[in-house]
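Structural overview
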Amino acid sequence: MTSLVFRALDHHVVHGMADHLAFDDETVTLTYAQLLAQVAAFAGGLAQVGVEEGSHVALDLRGSYEVVAVLACARLGAIPDAEATTLRIEGDPPVVHSGDHDYPWSTVLSAGKTDPAPSPEQDELGYEALMVDQFEDIFAALTAGEAIT
């Protein structure tokens, strides 16, 4: 079976839903294509600051930032973990804290645009269940081709 993040984003873009609404709140609306571009770029930037498969990342975000960060973690196989201390993404505007370095969200996003992360072909055993358990609302809506509102 293809990876969860592929089914949630890439699949819809490839199959003609690129311009369909994927996210909508009082501040931001994103199509599937726009969300995919942000997620792939942010994941690419996270990879450049050391996030990789199995990395534990604390997320304290809201709205579109949370959705992009969760999906970027899924692209890399990273594990959202509230107890993680070495990698944290938090604030508004968000900051990525990695070791002794702090990177503004916009910097990580820009850095990843030159080398966006592809979705994995498959998830590691148990990864999909872990992500769906933590972020059911995100993955249920997107895998169904609906918008997160």
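Everything that follows concerns the structure shown earlier in this document.
Reading the values: rules and limits
Residues numbered from 1 in each chain as written. Predicted model: local features only at pLDDT ≥ 70, side-chain atom pairs only at ≥ 80, totals over all residues. Heavy atoms only, no water. Buried < 20%, exposed > 50% of the residue type's maximum accessible area, 1.4 Å probe, protein only. Helix = DSSP H or I, 4+ residues; strand = E, 2+ residues; numbered from the N terminus. Arc of directions from axis to C-beta. Contact = heavy atoms within 4.5 Å. Axes fitted to C-alpha atoms, helices over the stretch in contact; angles between N-to-C directions. Parallel < 35°, antiparallel > 145°, perpendicular 65-115°, else oblique. Nonpolar A, V, L, I, M, F, W, Y, C, P; charged D, E, K, R; others polar. Pairing = 2+ DSSP bridges. Right-handed = clockwise from strand over helix to strand, strands pointing away. Salt bridge = Lys/Arg side-chain N within 4 Å of Asp/Glu carboxyl O.

**Quick notes on helix H4 (residues 105-113)**
Residues Trp105, Val108, Leu109 and Gly112 constitute the buried set of H4. Down the axis of H4, the smallest arc covering the buried residues is 100 degrees, so these residues share one side. Residues of H4 that are buried sit in contact with helix H2 (32-48), helix H3 (63-76), strand S5 (87-91), strand S6 (94-98) and strand S7 (101-104).

**Notes on helix H6 (residues 136-143)**
Considered for burial, the residues of H6 that qualify are Ile138, Phe139, Ala141 and Leu142. One face of H6 carries all of its buried residues, which in axial projection span an arc of 165 degrees. Away from the buried face of H6 by more than 90 degrees, exposed residues Glu136 and Asp137 are located. On its buried side, H6 packs onto helix H1 (4-17), strand S1 (21-24), H2, H3 and helix H5 (127-134). In the segment just after H6, Gly145 is the residue with positive phi, at about 75 degrees.

**Re the packing of H3 against H6**
Between H3 and H6, whose axes approach to 11 Å, the crossing angle comes to 80 degrees. As far as their axial angle goes, H6 and H3 are roughly perpendicular. Contacts from Val67, Val70, Leu71 and Ala74 of H3 reach H6 at Ile138, Phe139 and Leu142. Across the contact of H3 with H6, the residue classes break down as seven nonpolar, no polar and no charged.

**Structural notes on the environment of Asp102**
Structurally, the position occupied by Asp102 is in strand S7. Sequence spacing of Asp102 and Ile89 is 13 residues, and the spatial spacing of their C-alpha atoms is 9.5 Å. With residues near it in sequence (within four places) discarded, Asp102 still touches Val95, Val96 and His97.

**Regarding the sheet that holds strand S4 (residues 79-80)**
With mixed pairing, the five strands of this open sheet are ordered in space as S4-S3-S5-S6-S7. In the strand order of this sheet, the two ends are held by S4 and S7, each with one partner.

**Focus: unusual backbone geometry**
The omega angle of the peptide bond from Asp92 to Pro93 is 5 degrees, so this bond is cis rather than trans. Position of Pro93 among the secondary structure elements: in the loop between S5 and S6.

**Points about the pairing of strand S3 (residues 56-60)**
Bridging between S3 and S4 involves two bridges; their strand directions are parallel. Counterpart to Val57 in the pairing with S4 is Pro80. With respect to chirality, the unit in which S3 leads through H3 into the neighbouring parallel S4 is right-handed. Summarising the sheet, S3 and S5 pair through three bridges and their orientation is parallel.

**Quick notes on the pattern of salt bridges**
By the definition in use, this model includes four salt bridges. Taking the shortest distance from any N to any O, the salt bridge between Asp60 and Arg62 comes out at 3.5 Å. When its relative accessible area of 43% is taken as the criterion, Asp60 is described as partly exposed. Ionic pairing is found between Glu90 and Arg88, a salt bridge with its closest N-O pair at 3.2 Å. Under the relative-accessibility criterion, Glu90 is labelled partly exposed at 26%.

Read these as layout, nothing more, since geometry by itself doesn't imply function.
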